[in-house]
Amino acid sequence: MFVKKLVEKATRKHNGGGGINGLKAEEVRPRLVFHYGVPPESSSLAYDPIQHILAISTRNGVIKLLGKDNSQALLQSEAASPSKFMQFMENQGILLNVTSHNHIEVWNIDKKQVTHVHIFNEEITSFVVVQQSFYIYVGDCLGNVTVLKLDNTLQCLVKMPYKIPPSESCGTQTEADSDTAVIFSSPQPLAESKRNGLISLWGIQESKVLLVAGGNAQHSSQEPKLVVSASWACVFGSKVVVGYSSGDIFLWAIPVFLDHNSEALRNHKDSYASQNVPLLKLNLGYKMDKVPIVSLRWFAHDESSGHLYVNGFSDSGSSHSFQVIIINESTQTRTIKLVLPLTEPCLGMEIVSCFSNQSKNKQNTLVLLLRSGRLCLYDDSAIEQYLLHCQSKSPPTLPKQFMVTLPFGDSRITAAKLYIGPSSPVEESVAMQDHILLPNKYSSLFSINMKEKDGSRRSSAHFSGFSKAKNLLVTGHVDGAINFWDASCPLLFPLLSIEQQFNESCASSTAPVTSLHFDVSSHILVSGDQSGSIRIFIFKKLQETSESIFSFLQAKQGDNYTVHNVNLKGAIMSISMNMDSKLLAVGTDKGYVSVIQMEGTTILYQKQIPGQVYSGIMSLQFVNHGQNGSENSILLVGMEDSSVLALEEDSGHALSANPVKTKKTCKALLMHILDASPNGVCTSDCVDTSKQSYSKQLMQKQPLVLICSENAIRLYALSHVLQGIKKVYSKKKLDGSCYYASIIHGSSLDVGLALVFSCGKMEIRSLLDLAVLNEVSLRGLTYPTLKSPPNANSIFCVSSEGEILLVNGDQALLFISVLSHREIYRHLEYITNVYMEGLAPQEGTSCMKNPQKERKKGIFGMVVKDLKGNKTKHGKENDADDSSISEELSALFSTVNFLHSDETRCSSVVNNEDVELDIDDIDLEDTKEKHKGLNLAVLDKQKLGKKLHALKGTVGKLKLNIEEKMNSRKDKHEEEKDISAVDKIKQKYGYATNDESNTVKMAESKLRENVIKLKAIGLRTSEMQNTAQTFSSLAKELLQSTQGSKST
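Residues numbered from 1 in each chain as written. Predicted model: local features only at pLDDT ≥ 70, side-chain atom pairs only at ≥ 80, totals over all residues. Heavy atoms only, no water.

## Some details on the overall build of the protein
Counting its regular elements, the protein contains 16 helices and 56 strands. Summarising the internal contacts of the protein: among those between residues at least 6 apart in sequence, 58% fall at separations of at least 24. Here the protein has roughly 50200 Å² of accessible surface; of this, 49% comes from carbon and sulfur atoms. (Helix = DSSP H or I, 4+ residues; strand = E, 2+ residues; numbered from the N terminus. Contact = heavy atoms within 4.5 Å. Areas by Shrake-Rupley, 256 points an atom, 1.4 Å probe, with all protein chains shown as cover.)

So this is what it looks like as structure tokens:
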């Protein structure tokens, strides 16, 4: 029954009759439904260890989120800017992204949208989120550290008054070193590493430097060391490891500040003298080639040891190395290291915690982002075992490397076809049943277990879900294999796998599949490969007892189909079938057209059609054409050079001497016959197209041939093509280079054209006017070039219903819907939800473990001492501690600890003057949040006028008082001029003198500044009075209009 429905549906779309109707704009809504895999041009990583979400940023501004149970989401902002820094607010559903324009984006992961963009004025060089709080440390190129706070209610960033200027954090070395950019800043309380090598330990509560170490002063002036990366290297915060541009790696010791003698340690500067010498210099081979240490990450395994991950590579990428070493409390032991055999530099790394569904055991995976944008995986437990036993008599083997690829077969997809089945009344109930099986049903993208990773190895005989399959995807692979997938959900599930079998008649047994054609109604699949081999799979027709049209695939592999092989000349480019005559037409890249009888696999004829620049056969299509009462079976051949030729189906003779060609040769992408009469015969009326009465309405009822090339779209009348007449019915030049085109059908059998351009733009055009209905940008894709081999990068396949599937190499799979009438994929809401609200953190989720027993107070312990107290608490008490930490941090960061130089100067002038009224007492700024609109409750004209009048009087008094003081100082200065001779005598005999003139000049300049400020206050007072009058008049008008409306 359902097969019959699908056949009728396809027949109606092909045999429209009544003319050609184009798609309407309201029917088109192109959108990305789901993105599976890793986007190209990836540049950095971030990880939320509580929610188990891995974020991957790209150079084109796209951010990919990978969560638990195969949940994935794609974040795209309007500003397509590369990412500099990216970090999660752990377990808060917030991702912070710093773009190359120094804009900080606040992403709501649940809503998948940007809630706020904070524009930072300086270049951001360091960005760290203080976990278990809403505060962020931002370091800039000038050496400042700014504190930002996330307002979780409004989900926006607020700049806090607390700040750390370089003049305070660097001390006396600021003047000597001009490059004071903050490269590394870490919370608890705060440690900084400057680019010039200076390390500063900052006390948050004390608001001053507790320790200054390092700096270029200790290095050779001929070879300065610039800090490139840094990381803590101890659970207690007593060691910091710093990587330099010269390849050096230094381990610095940080003194411990205890409760009872912390003040004493701060007062004795000689106790820091040893801190100018590093505790340990790690010799890992980077310094020999001067390879910069671009990143350092340390992960604790217990209280006394941990693993340090060292990543170094040069700008050119010629020298690179990624190493893992063990750092113990005893720094005198021999360095134990592991060099991972990477073929290219590493851009980022994260330790990702995974939980297997079977054993529920914790599994840590080292994720490395390579320069090519690919992800590399290592089992972290295998790395640990190697480091522990590498010096034994029988050293273990190196940990195995896993490259992240699409888990859809053993090899890359080179050809694909998508088929959408008709809607079923049981679809909703089936979707609810499959929802429960989602976590266990599909293989994981990041699984390092190859048996689980490769979905194609699952036996189809054990799968009983064929009756639930709604959509079918057929894929051909680079090793010659063919796989069938249930595409009802974007997480593809394997149905059947057919491997390439060795055949003596075949030129190659593992040639890549280049073309596929599947006729669902007849259960016949035809595949062609790079070597010219054609395989015809005829599936056995079973009794229709299932609700699915694809139930014929459920038989045991090898028992439900037969295979026939035919070898041709050249790589297979196009395939077409005529089920009425049981003929198969095949075109190759060498220009050969072959027609084969499917029953006996007999080649009726082969014909080579010469081409100009491109010689391949791009498209083939059978058509029954009737004209003047006669009916002919024709094979229409579309050449790769955009020429079209008509052949007799049985003999292969050309109907015209020359094909229809374009003036300039261009590569063709699509050939399609538009409109067919209800009986399946394309009928061309006798129309004289040379007359002016040749109208569009009349031509709309004629069968047309659509040719789409890289730079233009052309429409020819079928009757003209058969006669070889080079007359274009319609032509539209394209804005850009197009590299894929396909026909799509609307719900009302309207026809449209989908175009994909090399710049990532996709256009949907209507037929016959070829107008653009809608367009969308597909960012983050790799596109082939003219010199690229066939199927080198992106593979497109489009169903007749407008569902597009894009296979981006072996890295990503994109599901795109064009029409707006329905959604055809199941479980979209579930698999795109990466954030789980209310998830409680599990023990050991943080990469830096906190020991449970009482420990000495180090850098990290000092914050615990200051903000938590000396006792270790668990359970609900920890929540109370977290709230108390937030409260104390809020109190600290809400306080202005350092005034700006101008503010300091102004405040000192006002405070030193003995005036009756302080300028600071006059509050002209409204620091509270202003509400939009008019607040009539505060528009009291009389009170406001009195306040302004009093304010003017106060300003007048201040002016008079200051002028009197200036006059008195000038008189005093003139009186002191008479004793200048005495001062000269004192200077002659070496006595000290008081230079009162300098003091008077300084006082005069300060008073002049005050006068200028008071004049500015007077101007602002006048402006406020004018504004008040305006508000008062507006309030009166509003009150009168309100009273008038009530009276009416």
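## Topic: the sheet that holds strand E39 (residues 583-588)
In spatial order, the strands read E38-E39-E40-E41; together these 4 strands make up an open sheet with antiparallel pairing. One side of each edge strand has no neighbouring strand; the edge strands of this open sheet are strand E38 (572-578) and strand E41 (602-608). Neighbour-to-neighbour, the strand axes of this sheet turn through a mean angle of 15°, independent of strand direction. Relative to strand E40 (residues 592-597), E39 runs antiparallel, the two being bridged by 5 bridges. Bridging from a neighbouring strand, Leu583 pairs with Gln597 of E40. (Pairing = 2+ DSSP bridges. Axes fitted to C-alpha atoms, helices over the stretch in contact; angles between N-to-C directions.)

## A word on the pattern of salt bridges
Under the defined criterion, the tally for this structure stands at 6 salt bridges. Note that Lys24 and Asp750 form a salt bridge whose closest N and O atoms lie 3.5 Å from each other. Here Asp750 lies in the loop between strand E50 (738-745) and strand E51 (751-757) and Lys24 lies in the loop between helix H1 (2-14) and strand E1 (28-37), a separation of 726 residues in the sequence. Judged by its relative accessible area of 37%, Lys24 falls in the partly exposed class. Salt-bridge contacts for Arg374 lead to Asp810; the nearest nitrogen and oxygen are separated by 3.1 Å. Within this pair, whereas Arg374 is found in the loop between strand E27 (362-370) and strand E28 (375-379), its partner Asp810 is found in the loop between strand E55 (803-808) and strand E56 (812-819), the two being separated by 436 residues in sequence. Several salt bridges share partner residues, and in doing so they unite Lys761, Glu763 and Arg765 into one network. (Salt bridge = Lys/Arg side-chain N within 4 Å of Asp/Glu carboxyl O. Buried < 20%, exposed > 50% of the residue type's maximum accessible area, 1.4 Å probe, protein only.)

## Side note on the confidence of the model for the protein
Across the protein, the average pLDDT comes to 75, with 66% of residues at 70 or higher. Note that residues 1-18 has pLDDT below 50 and, in this model, 33 contacts with residues that lie over four places away or in other chains. (pLDDT = per-residue confidence, 0-100.)

## What about the packing of aromatic side chains?
Applying the stated criterion to the full structure yields 18 aromatic pairs. Both rings, one in Phe484 and one in Phe518, keep their centres 6.0 Å apart while their planes meet at 75°; by these two values the pair is edge-to-face. Here Phe518 lies in strand E34 (residues 513-519) and Phe484 lies in strand E32 (residues 482-486), a separation of 34 residues in the sequence. Accessibility classification places Phe484 together with Phe518 in one group, the buried group. (Phe/Tyr/Trp six-rings, centres within 6.5 Å; stacked < 30°, edge-to-face > 60°.)

## Notes on the sheet that holds strand E4 (residues 62-66)
Strand order in this open sheet of 4 strands is E2-E3-E4-E5, and the pairing throughout is antiparallel. At either margin of the open sheet sits one strand with a lone partner, and together these are strand E2 (42-48) and strand E5 (72-76). When strand polarity is set aside, the average angle formed by the axes of neighbouring strands in this sheet is 20°. Across 4 bridges, the pairing between strand E3 (residues 53-58) and E4 is antiparallel. Paired with Ile56 across the strands is Lys64, a residue of E4.

## Things to note about a nonpolar patch on the surface
A surface patch of nonpolar side chains, amounting to about 230 Å² of accessible area, comprises Val114, Val117 and Ile119. Looking at where Val117 falls in the secondary structure, it is placed in strand E9 (residues 113-119). Taking the relative accessible area as the measure of exposure, Val117 reaches 39% and is therefore partly exposed. (Patch = residues over 30% accessible without salt bridge, like charges linked within 9 Å, V, L, I, M, F, W, Y side chains within 5 Å.)

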